[in-house]
Amino acid sequence: MIKVADIMTTNPHTAFEQTTLEEAISLCNEHKIRHLPIVDSQQHLIGLVSERTLLAAQESNLSKTSEAQRRAHEQQIMLKHIMLTKLHTVDAAAGVGQAAKHIERHRIGCLPVVEGKKLIGIITDTDFVGVAISLLEMLAEQEPLSPDV
């Protein structure tokens with residue numbers, strides 16, 4: 001059985017409650033990530049922001065007219081005000097199939113991987129696409145060539 005630990009991203013990029021909206025957007029853009037776990041000083045998972053959460057917080061500022069006002073807003077909003085705190089998490093020893101079903105059932109984009117309360121990784125819907133591609137390639141290699149080829 002393939003386990004979450006086999007495909008998760010270890011040491012994911014994280015932020016703190018005091019991280020600003022501007023800093024979080026920059027971090028996500030720089031590292032091309034869509035989910036940002038929020039941790040405390042002991043690396044305990046306390047929240048999560050997604051690309052959607054960050055965009056919604058930015059859009060709440062659309063009435064601002066100037067670039068300076070927009071930036072000021074993004075520098076004032078801290079993640080503690082917009083982060084999700086009721087999180088779905090998974091253990092590293094869980095099966096990948098079980099985790100994939102959980103993501104599908106709850107229509108979420110990621111599962112932080114925790115050991116106790118400590119964040120040790122993250123598994124995303126993109127990771128499952130990678131697994132699916134690998135399995136499809138393995139199946140294609142096993143299929144016998146048709147006589148027409």
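Reading the values: rules and limits
In this numbering scheme, every chain counts its residues from 1 along its sequence in written order. It should be noted that, the model being predicted, local features are given only for residues of pLDDT at least 70 and side-chain atom pairs only at 80 or more, the latter also being counted only at that level, while totals for whole chains, interfaces and linings use all residues. For side-chain calculations, the full set of non-hydrogen atoms in the structure is used, while hydrogens and water are omitted. Think of it this way: DSSP has to see at least two bridges between two strands before they count as a pair. A helix here means a DSSP run of H or I that spans at least four residues, while a strand means a run of E at least two residues long, and both kinds are numbered starting from the N terminus. Working rule for contacts: check all heavy atoms of both residues, and any pair within 4.5 Å makes them a contact. Axes here mean lines fitted to C-alpha atoms, for a helix over just the part in contact, with angles spanning 0 to 180 degrees between N-to-C directions. Multiply 1.5 Å by the residue count of a helix minus one, and that product is the helix's expected span. To sort residues, take the accessible area from a 1.4 Å probe on protein chains only and compare it with the maximum for the residue type: under 20% means buried, over 50% means exposed, and anything in between is partly exposed. Arc, as used here, means the arc of the directions from the helix axis to the C-beta atoms.

Here we have three strands laid out as an open sheet, ordered S1-S5-S4, and antiparallel in their pairing. Taken across any chain shown, the strands that pair with only one partner, and hence form the sheet edges, are strand S1 (9-10) and strand S4 (110-115). Here S4 runs beside strand S5 (residues 118-124); their pairing, made up of six bridges, is antiparallel. Its bridge partner lying in S5, valine 114 is registered against leucine 119. Its contacts with the sheet put helix H6 (residues 125-142) on S1 and S5, and the angle it makes with S5 is roughly 55 degrees.

We now examine H6. Between its first and last C-alpha atoms H6 spans 26 Å; for 18 residues at 1.5 Å apiece the expected length is 26 Å, and the two agree. Within H6, the full set of buried residues consists of Asp127, Phe128 and Val131. Summarising the axial view, the buried residues of H6 lie within an arc of 100 degrees, below the 170-degree limit, and thus occupy one face. Of the exposed residues in H6, the ones pointing more than 90 degrees away from its buried face are Leu136 and Glu141. Each element contacted by the buried residues of H6 is listed here: helix H1 (4-7), S1, helix H5 (96-106) and S5.

Phi at asparagine 11 takes a positive value of approximately 50 degrees, unusual for a residue other than glycine. As for its position among the elements, asparagine 11 is in the loop between S1 and helix H2 (21-31). Of the residues examined, asparagine 11 reaches a relative accessible area of 69% and is grouped as exposed. Unlike most non-glycine residues, lysine 32 shows phi in positive territory, near 55 degrees. For lysine 32, the location among the structural elements is in the loop between H2 and strand S2 (35-39). According to the relative accessible area criterion, lysine 32 is exposed, its value standing at 74%.

Its location among the elements puts glutamine 42 in the loop between S2 and strand S3 (45-50). For the pair glutamine 42 and leucine 119, spaced 77 residues apart in sequence, the C-alpha to C-alpha distance is 9.4 Å.

Another point: the pairing of S2. The buried fraction of S2 is high, at five of five residues. Taking every second residue as pointing to the same face, both faces of S2 are buried, with His35, Pro37 and Val39 on one and Leu36 and Ile38 on the other. Sheet analysis places S2 next to S3, joined by five bridges and oriented antiparallel. Bridging across to S3, proline 37 finds its partner in leucine 48. In this antiparallel pair of consecutive strands, S2 and S3, the connection spans five residues, and glutamine 43 shows a positive phi of 65 degrees.

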